[in-house]
Amino acid sequence: MKRIGMLTSGGDCQALNATMRGVVKGLYGSFKEVEIYGFLEGYKGLMYGNYKQLKAEDFSGILTRGGTILGSSRQPFKLMREPDANGLDKVKAMKDTYKKLKLDCLVVLGGNGSQKTANLLSEEGLNVIGLPKTIDNDLWGTDMTFGFQSAVDIATDAIDCIHTTAASHGRVFIVEIMGHKVGWITLHAGIAGGADIILIPEIPYDIKNVCKALDRRAKQGKKFSILAVAEGAISKEVAALPKKERKALLANPKHPSVAYEIAEQIKAYGGQEVRVTVPGHTQRGGSPCPFDRVLSSRFGAKAAELIKAGKFGELVVLKNNEVTSIPLSESAGKLKYVSPDDSIVQNAKMLGISFGDE
Ligand code: F6P
């Protein structure tokens, strides 16, 4: 008999259910008897003992369903060692639940912060396997996270829709895409959607360069321009501020988001008509795309394989198109950023896409 706990933690994404289904199918294929315990709303469920025992049937018909049948919540890693409002020792409480249920392994579907906690629990002696979730694709150690391609599809659709209306009206359009710290979705959707300018957190922009790029398009006789802007895009001036000042400035923004600030600056520069579109959380919604369904199924199967082999403390990853695993400790606390030197950025520049940096 194998007793496996599972939880989905942090911001959701489209392929969480598909991944859990993969794990469970793999487990039932590997062991005669399996008991699955699903913790509700992420680590909260593990802390407060909120769980339900699930059967194989509970994972049927969920390959294409977005969201998570277990629910999710954000439980910041930095607060894990701090007691909750009632003085509860969170780490101890999670270990107690694990022991009370006599689990053989805890499977954590989560992004960067969630995997840091998974690593902490592993260091505390629990058998843990991590599965790399996040639309942001910023988890260090994996070429791709599940959820990313589905989000890219939705963001690309948004740019595609803007393209037709932009062509009719000859305006400048800004599509603001998710990603506070990293620009992977914006970069991919921007290229896929044929954006003229891509602004991401890792490559601070100069608004003068953005306006010059718009001028160049106008001189070429182009009636409209499209900017794909990450929510965390940052100007060179702001990026150059000391950390404390920068944080204070970003904590009290004058605009609803960076896209509106850039729109105002573009209007002020050339008097052009500018419109802003923010697809927001639609990027995390709906069904997983086929790519994610395949990736999630493969990740799930790998997690079951690791459990069967008794290889714990591992994060399942994609490396050079192979599904493999690395120690949780190797990935914990590191973000996978876009580098300005990445070939994808260089390729985009060759195509004439401006990043506002030169
Ligand atoms: O981490 C995924 C993500 O969707 C980011 O791209 C975005 O910045 C953030 O979560 C939004 O968080 P919330 O759903 O808490 O508003």
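Residues numbered from 1 in each chain as written. Predicted model: local features only at pLDDT ≥ 70, side-chain atom pairs only at ≥ 80, totals over all residues. Heavy atoms only, no water.

Side note on the side chain of Asp-196
- Secondary-structure assignment places Asp-196 in the loop between helix 6 (184-192) and strand 7 (197-199).
- Here the side chain of Asp-196 touches Arg-217 through a polar contact of 2.9 Å, side chain to side chain.
- In this structure Asp-196 touches Arg-217, Phe-224, Ser-225, Ile-226, Gly-352, Ile-353 and Ser-354, once residues within four positions along its chain are discounted. (Helix = DSSP H or I, 4+ residues; strand = E, 2+ residues; numbered from the N terminus. Polar contact = N/O pair within 3.5 Å; in protein donor to acceptor, adjacent residues only side chain to side chain. Contact = heavy atoms within 4.5 Å.)

Focus: the environment of Ala-301
- Here Ala-301 is to be found in helix 11 (residues 290-309).
- Through-space distance from the C-alpha of Ala-301 to that of Gly-38 is 18 Å; in sequence the pair is 263 residues apart.

Here's the deal with the packing of aromatic side chains
- For the structure on display, the rule yields three aromatic pairs.
- On the numbers, 5.9 Å between centres and 75 degrees between planes, the contact of Tyr-37 with Tyr-51 is edge-to-face. Taken as a pair, Tyr-37 in strand 2 (residues 34-39) and Tyr-51 in strand 3 (residues 51-54) lie far apart in primary sequence, 14 residues in all.
- Ring-pair connections join several aromatic residues into one group, and the members of that group are Tyr-37, Phe-39 and Tyr-51.
- For Lys-336, the ring lying beneath its charged end belongs to Trp-184, and the centroid distance is 5.5 Å. (Phe/Tyr/Trp six-rings, centres within 6.5 Å; stacked < 30°, edge-to-face > 60°. Lys NZ or Arg CZ within 6 Å of the ring centre and 35° of its normal.)

A short note on the side chain of Ser-73
- With respect to the helices and strands, the residue Ser-73 is situated in the loop between strand 3 and helix 3 (90-100).
- Contact partners of Ser-73, with chain neighbours within four places excluded, come to Ser-9, Gly-10, Glu-41, Gly-42 and Lys-44.

Some thoughts on the sheet that holds strand 4 (residues 105-110)
- Here seven strands make up an open sheet; going across it, the order is 3-2-1-4-5-10-11 and the pairing mixed. The open sheet has two edge strands, strand 3 and strand 11 (322-327), and neither has a second partner. Taking each pair of neighbouring strands and ignoring which way they run, the sheet shows an average axis angle of 25 degrees.
- Pairing geometry for strand 1 (residues 2-8) and strand 4, over five bridges, is parallel. In the sheet register, Thr-8 faces strand 4, and the bridge partner there is Leu-109.
- Packing of helix 4 (residues 112-123) onto the sheet brings it into contact with strand 4, strand 5 (128-132) and strand 10 (314-319), and relative to strand 4 it is tilted by some 165 degrees. (Pairing = 2+ DSSP bridges. Axes fitted to C-alpha atoms, helices over the stretch in contact; angles between N-to-C directions.)

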